[in-house]
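One-letter residues, chain by chain:
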Amino acid sequence: MVEIEIDGKKVEVPEGSMVMHAADKAGTYIPHFCYHKKLSIAANCRMCLVEVEKAPKAMPACATPVTQGMIVRTQSEKAITAQKSVMEFLLINHPLDCPICDQGGECQLQDLAVGYGASASRYEEEKRVVFHKDVGPLISMEEMARCIHCTRCVRFGQEIAGVMELGMANRGEHSEIETFVGHSVDSELSGNMIDICPVGALTSKPFRYSARTWELSRRKSVAPHDSTGANLIVQVKNNKVMRVVPLENEAVNECWIADRDRFSYEALNSDERLTQPMLKQGGEWKAVDWATALEYVANGLSQIKAQHGAGAIGALVSPHSTVEELYLAGQLVRGLGSDNIDHRLRHTEFAQTEGAHWLGMPIAALSELQSVLVVGSNLRKDHPLFAQRIRQAARRGAAVAAITSGAMWSGEHAWAMPVSVASIGEAGDWLGLLANVAAAVGKAQGVAAPTEGVTTPDSEAIAKALLNGERKAILLGNAAAHHPNASSLLALAQWIGRQTGASVGYLTEAGNTVGAQLVGAVPLRGGLNAAQMLGGGLKAALLLNCEPGPDTSAPLQGCDMVVTLSPFKANMDISDVLLPIAPFTETSGTFVNAEGRVQSFHAVVRPLGEARPAWKVLRVLGDMLGVVQPPYESSQEVLGQALGGAGAQVERSRLSNQTGAAIRVVSGPVDLKPVGIYQLDGIVRRAPSLQMTADAREGVAT
């Protein structure tokens, strides 16, 4: 540790820290633009100039290393004069168009110009003009004359997103931030560039000219799309979601969110919203009131139970639903005497598990890995924020290896990180490729592998990486979980993990996949699984937040009644009843993310039209059907019943990736149906801006 003095305050910081880090620790604010705590040091804006005793001139605080006994003054005449001079130069070519700028009210340049800018400019020459650029449907670069060349966006692309999509061309006052060869900005994390831009150069294209920042109220929420459980701030005006930005949480999403978390809110205000209950009569949809719709559903389920037995009733539920919704759906179905409930809509193997499959480690630990093997995942697209953390580990020297298919891999740029070895094969070959790794590990350790495999240069490289270091992991992706031989893949990964000391975990698909397992949204006593229900095993089906049509040919054939509970006009070709339920922004609820973190949230706006929280709809249906249940008054009461009073973290005893399955290495064609990053759930599928991106055009569900 090194002790320095800043404005008369003594502070200790680790050796190698910069003056800016010491100032942060001391609680002293130093004005800056290019410095960002998550990015490398650029020192090109010069706004953070401070006086350092015995230094002949003012020094940039972000790039000046601390030394023992250093004395720094941030408010001296020398420092203030230097900072004001820098501000004058920054404003020479700036258009000074704050009244029409979308960044107005939350702009660092605007704020600092009040304290460090002059009342009038001494510059009388013409200002330069920078031509606007079209970089895609998410980011607006219409006003690049505002850019102050802090290069935050450039460094973000290189260091966090892993793709250098923006760069600085030309020199001096001709410098411009631009894409090269007319490309668009297509990173799945690109929206974070809007947040870190300190001026109004990069703004949100969907939000552009919609509202002023001071008109928006801010409420906390949790993203439902993937298993990170990113923390959000949802900004609201007139009971309408206008914008979504990240809520910083170092243990979960740091200060970043994926584009689907940021821009999917557009769907919540779209024409696709279902705003009142509807019944299909004579092949035509008619709007009805809630009492009529619920009575129709209750009578229909009662009749089908009387005619065909309770086993003819089932529920297909989405892992994007809340813990409370999934729990009450299970209680409703089981209260009728059926065990037909499943959230595994894309799985092709339905083995019983000992506990809820999870990541196997804290999310924050991904950044500290020294070696990682990812099996069956398009990592960057399936889990953008997990990929970002593993990318940081790779930048520190971690060995990253992959077993994947050609459809998920087109070179290292596919993951935007250095990959030491990628073992490529079709999905049917993954077991064999993993068996080869087991053989190489067994050979290195002098033990017999659990199944026959062949050592190859790739498998030996992966084995060597897993045997080195202390912090290592084997991570199974969405495609590995959906695989027809998923249990064998897990069993083989567990054997390799035991031999190498690596943890084994699932990246998990949706915002509440772990929660769905914890509350029993799977057949527990011999009920039908999702494939059997979709294949025609039911006479009455409840569809909670799910749309089986896109992934399944002619689903639910033979059903006499299909009831869809959705925020959208979904499943209209196969449903008999549509019940409008509230999306995550209009209801309270809870998600359990990949690491088992329990995150509850409140509604940020009132339900649209006659939509109602799904947990209330399911509770009322249960009462009408005579299902015995407590008189729940709030979602927190349901949560207490569902998770048994679990706190912020689920007990590790309930989370397990162990399996007793025998390892059967079989090869042959495997029909996995990959889902694009913007096809994962009903909300992102209906967000117009996301559907105009390159990823949406290339990654349509098949």
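As a reminder, the structure under discussion sits directly above these lines.
Fair warning: this is a prediction, and the values are worked out from it, not measured in the lab. (Residues numbered from 1 in each chain as written. Predicted model: local features only at pLDDT ≥ 70, side-chain atom pairs only at ≥ 80, totals over all residues. Heavy atoms only, no water.)

### Overview of the pairing of strand S1 (residues 2–6)
Next up, step 1: With burial as the criterion, only one face of S1 is covered, namely that bearing Val2, Ile4 and Ile6; the residues Glu3 and Glu5 on the opposite face remain uncovered.
Next up, step 2: The sheet contact formed by S1 and strand S2 (residues 9–13) spans 5 bridges and is antiparallel. Each residue of the ladder has a partner; that of Glu3, found in S2, is Glu12.
Next up, step 3: Counting the residues that bridge the hairpin from S1 to S2 gives 2 residues, and of these Asp7 lies at a positive phi of roughly 50 degrees.
Next up, step 4: Summarising the sheet, S1 and strand S5 (residues 71–73) pair through 2 bridges and their orientation is parallel. Directly across from Glu5, in S5, lies its bridge partner Ile71. (Buried < 20%, exposed > 50% of the residue type's maximum accessible area, 1.4 Å probe, protein only. Helix = DSSP H or I, 4+ residues; strand = E, 2+ residues; numbered from the N terminus. Pairing = 2+ DSSP bridges.)

### Regarding the pattern of salt bridges
Next up, step 1: Under the criterion given, the structure shown has 27 salt bridges.
Next up, step 2: Two residues, Arg243 and Glu106, come together in a salt bridge whose shortest N-O distance is 2.9 Å. Residue Arg243 is found in strand S13 (residues 240–246), and its partner Glu106 is found in the loop between helix H2 (77–91) and helix H3 (108–116); the two are separated by 137 residues along the sequence.
Next up, step 3: Its relative accessible area of 12% is what places Arg243 among the buried residues.
Next up, step 4: Residue class for Glu106 comes out partly exposed when judged on its relative accessible area of 31%. (Salt bridge = Lys/Arg side-chain N within 4 Å of Asp/Glu carboxyl O.)

### Things to note about unusual backbone geometry
Next up, step 1: If you check the backbone angles, His149 has positive phi at about 60 degrees while not being a glycine.
Next up, step 2: Tracing the chain through its elements places His149 in the loop between strand S7 (139–141) and helix H4 (152–161).
Next up, step 3: We classify His149 as buried; its relative accessible area is 17%.
Next up, step 4: In this structure, Asn571 takes a positive phi of about 55 degrees despite not being glycine.
Next up, step 5: Residue position: Asn571 is located in the loop between strand S24 (561–566) and strand S25 (577–580).

### Observations regarding the nonpolar core
Next up, step 1: Judged by nonpolar contacts, the single largest core of 75 residues is most densely connected at Phe33, Ile139, Phe156, Leu166 and Leu202.
Next up, step 2: Residue assignment for this core shows that the elements contributing at least two residues are H2, H3, S7, H4, helix H5 (192–196), strand S12 (231–237), S13 and helix H19 (682–685).
Next up, step 3: Excluding residues that lie within four positions of it along the chain, Ile139 makes contacts with Val185, Ser190, Met193, Ile194, Leu202, Thr203 and Lys205.
Next up, step 4: One finds Val317, Ala516, Ile581 and Val592 within the second-largest nonpolar core, a separate group that totals 54 residues. (Core = buried A, V, L, I, M, F, W, Y, C linked by side-chain atoms within 4.5 Å. Contact = heavy atoms within 4.5 Å.)

### Quick notes on helix H1 (residues 19–26)
Next up, step 1: Among the residues making up H1, those that are buried are Val19, Met20, Ala22, Ala23 and Ala26. For H1, the arc enclosing every buried residue in end-on projection is 160 degrees, short of the 170-degree limit, so these residues lie on one face.
Next up, step 2: Considering only its buried residues, H1 is in contact with S1, S2 and S5.
Next up, step 3: Downstream of H1 by one or two residues, Gly27 has phi in the positive range, about 80 degrees. (Arc of directions from axis to C-beta.)

### Topic: the sheet that holds strand S21 (residues 472–476)
Where strands meet in a sheet, backbone hydrogen bonds hold them as pairs that are either parallel or antiparallel.
Next up, step 1: Here 5 strands make up an open sheet; going across it, the order is S20-S19-S18-S21-S22 and the pairing parallel. Of all the strands in the sheet, just strand S20 (421–424) and strand S22 (503–506) have a single pairing partner and so form its edges. Between one strand and the next, the sheet's axes are offset by a mean angle of 15 degrees, whatever the strand orientation.
Next up, step 2: Pairing of strand S19 (residues 399–404) with S20, which is carried by 4 bridges, proceeds in the parallel orientation. Within S20, the position partnered with Thr404 by the bridge is Ile424.
Next up, step 3: Helix-sheet contacts for helix H12 (residues 457–467) involve strand S18 (371–375), S19, S20 and S21, and the interaxial angle to S20 is about 135 degrees. (Axes fitted to C-alpha atoms, helices over the stretch in contact; angles between N-to-C directions.)

### With respect to the sheet that holds S24
Next up, step 1: Strands sit in the order S15-S14-S25-S24-S23-S16-S17 across an open sheet of 7 strands; the sheet is mixed. Sheet topology places strand S15 (284–287) and strand S17 (341–342) at the edges, where each strand pairs with a single neighbour.
Next up, step 2: Of the pairings in the sheet, the one linking strand S16 (residues 313–317) to strand S23 (residues 540–544) comprises 5 bridges and is parallel in character. Of the residues in S23, the one forming a bridge with Ala315 is Leu542.
Next up, step 3: Against the sheet, helix H16 (residues 530–537) engages S16 and S17, with an angle of about 125 degrees to S16.

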